[in-house]
Amino acid sequence: MYLFIECWKAKQEWFDLSTENRAAYMSELGKGITGLLEAGVEIVSWGINSDDISNRSKYDYFGVWKFPDRNFAKQFELIIEQSGWYNYFDQVNLGGEICMPDIPIGHMIGLKELVVK
């Protein structure tokens, strides 16, 4: 299983849309997401980033998805990109195979240098 976490905040282009245009955009985007859900993708949670959380990210919203594998996550990323989402929202993503803490801890312990990709 592959976990995908997205964090986003609205850009000025989103604020410039009318409420009706925002609703129409979200409705259209939902059609693509429905297909993924029918194929086995799971929405773990969506949420609004709490104002009182320590070391808070500057992003206002988050979504956590569970995909059967990386290929499903790639399909999702393509739907989001083709929808024009990034024109309206500043977003960062996290993703990886679901595992227990020993895997990333072992990876962190074994680091030899700063790796930036």
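Check the entry above for the structure.
What you see is a predicted model, and the numbers here were worked out from it, not measured in a lab.

**Some points on the overall build of the chain**
Thinking step 1. On a plain count of helices and strands, the chain comes out with 5 helices and 4 strands.
Thinking step 2. Along the chain, helices (α) and strands (β) appear in the sequence β-α-α-β-β-α-α-β-α when read from the amino end.
Thinking step 3. Relative to its 117 residues, the chain shows a buried fraction of 22%.
Thinking step 4. Summing over all exposed atoms, the chain offers an accessible surface of approximately 8300 Å²; the carbon and sulfur share of this is 57%.
Thinking step 5. Charged side chains of the chain number 11 positive and 17 negative; the gap between the two group centres comes to 5 Å.

**Some words on the pattern of salt bridges**
Pairing between side chains of opposite charge can happen when their charged atoms approach one another.
Thinking step 1. All told, the structure shown has 6 salt bridges when counted by the stated rule.
Thinking step 2. For Arg56, the salt bridge identified is with Asp51, shortest N-O distance 3.9 Å.
Thinking step 3. You can call Arg56 partly exposed: its relative accessible area is 27%.
Thinking step 4. Residue Asp51 is classed as exposed on the basis of its relative accessible area of 71%.

**Notes on the pairing of strand E3 (residues 61–67)**
Thinking step 1. Strand direction decides the pairing type here: strand E1 (residues 2–10) and E3, joined by 7 bridges, are antiparallel. Bridge assignment links Tyr2 to a residue of E3, and that residue is Phe67.
Thinking step 2. Alignment of strand E2 (residues 42–48) against E3, held across 6 bridges, turns out to be antiparallel. Bridge pairing links Glu42 to Lys66 in E3.

**A few points about the nonpolar core**
Thinking step 1. In terms of nonpolar packing, the biggest core is built from 18 residues, with Phe4, Leu29, Val41, Trp65, Phe67, Phe76 and Trp85 touching the most fellow members.
Thinking step 2. Where this core is concerned, the elements lending two or more residues are E1, helix H2 (19–38), E3 and helix H3 (70–82).
Thinking step 3. Apart from residues lying up to four places away in sequence, Phe67 is in contact with Met1, Tyr2, Phe4, Val41, Phe72, Ala73 and Phe76.

Cut-offs and rules
- Residues numbered from 1 in each chain as written.
- Predicted model: local features only at pLDDT ≥ 70, side-chain atom pairs only at ≥ 80, totals over all residues.
- Heavy atoms only, no water.
- Helix = DSSP H or I, 4+ residues; strand = E, 2+ residues; numbered from the N terminus.
- Buried < 20%, exposed > 50% of the residue type's maximum accessible area, 1.4 Å probe, protein only.
- Areas by Shrake-Rupley, 256 points an atom, 1.4 Å probe, with all protein chains shown as cover.
- Lys, Arg positive; Asp, Glu negative; His and termini not counted.
- Charge placed at Lys NZ, Arg CZ, Asp CG, Glu CD.
- Salt bridge = Lys/Arg side-chain N within 4 Å of Asp/Glu carboxyl O.
- Pairing = 2+ DSSP bridges.
- Core = buried A, V, L, I, M, F, W, Y, C linked by side-chain atoms within 4.5 Å.
- Contact = heavy atoms within 4.5 Å.

Interpretation in functional terms is not warranted from these geometric data alone.
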